[in-house]
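# Inside the fold
The lines below spell out each chain.
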Amino acid sequence: MALRSLAGSIAKSVVQTMGVSGPSALGAGRLRLGQAALFGLRGYADAALTKDEVTARVLEVVKNMEKVDPAKVNEESCDFTKDLGLDSLDTVEVVMAFEEEFQLEIPDDEADKIASCQQAIEYIAQHPMAK
C-alpha cells in the first residue's frame, strides 16, 4: 500500500512539473501500478555476465593484488593460500576486491568458502546481482 501511495505522489509531481492537465495527456507512455500511474520510467535489466567475463575479471583482480605473483594466477588451480601464499587477511582483501569489482556484497559465511579463483568464479557467475 505504501508503494502505491509513493507511486501516486510521484505521478502527481511529474504531471505538475510537466505542466499537463492530467495523466491522460501524457498518452500511452505510462506504466500502471495499482491505481497509480508512473510516467517516463523504463526498467532495463542488466545483461547477465558470462562465465568468460567473470573469469577474466576475477583473474585480473587477483593478479593486481600486491602480494600475488601474476604468473601463478590461473583459472584451474589457483588456491589463494597454497598456490599464491596469501594468508587469511589477504584472502579477505581479495574477496573485498571482488565485491568492489562486481558491485555486490558477499555474506561472510559465503566469503569464507571462497578460497580459490575457481570458487570465486563459480560464486560470482551464479550471483544475480553481479555487474
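The model shown is predicted, which means the values in this text are computed figures rather than measured ones.

With that settled, the discussion passes to the environment of Val61. Relative to the assigned elements, Val61 resides in helix α2 (residues 51-63). A relative accessible area of 10% means that Val61 is categorised as buried. When the C-alpha positions of Val61 and Ala97 are compared, they lie 6.9 Å apart, and in sequence the two are 36 residues distant. Residues in contact with Val61, not counting those within four places in the same chain, are Ala97, Phe98 and Glu101.

Next up on the list: the packing of aromatic side chains. For the structure shown, the criterion picks out one aromatic pair. Ring plane angle 40° and centroid distance 6.4 Å describe the contact between Phe80 and Phe98, whose orientation is recorded as tilted. Of this pair, Phe80 sits in the loop between α2 and α3 (88-102) while Phe98 sits in helix α3, and the two are 18 residues apart along the sequence. A single burial state applies to Phe80 and to Phe98, both of which are buried.

Another point: the confidence of the model for the protein. For the protein, per-residue confidence averages 77 on the pLDDT scale, and 64% of positions sit at 70 or higher. Least confident of the elements in the protein is strand β2 (residues 36-39), whose mean pLDDT is 40; most confident is α3, at 96.

About the cut-offs
Residues numbered from 1 in each chain as written. Predicted model: local features only at pLDDT ≥ 70, side-chain atom pairs only at ≥ 80, totals over all residues. Heavy atoms only, no water. Helix = DSSP H or I, 4+ residues; strand = E, 2+ residues; numbered from the N terminus. Buried < 20%, exposed > 50% of the residue type's maximum accessible area, 1.4 Å probe, protein only. Contact = heavy atoms within 4.5 Å. Phe/Tyr/Trp six-rings, centres within 6.5 Å; stacked < 30°, edge-to-face > 60°. pLDDT = per-residue confidence, 0-100.

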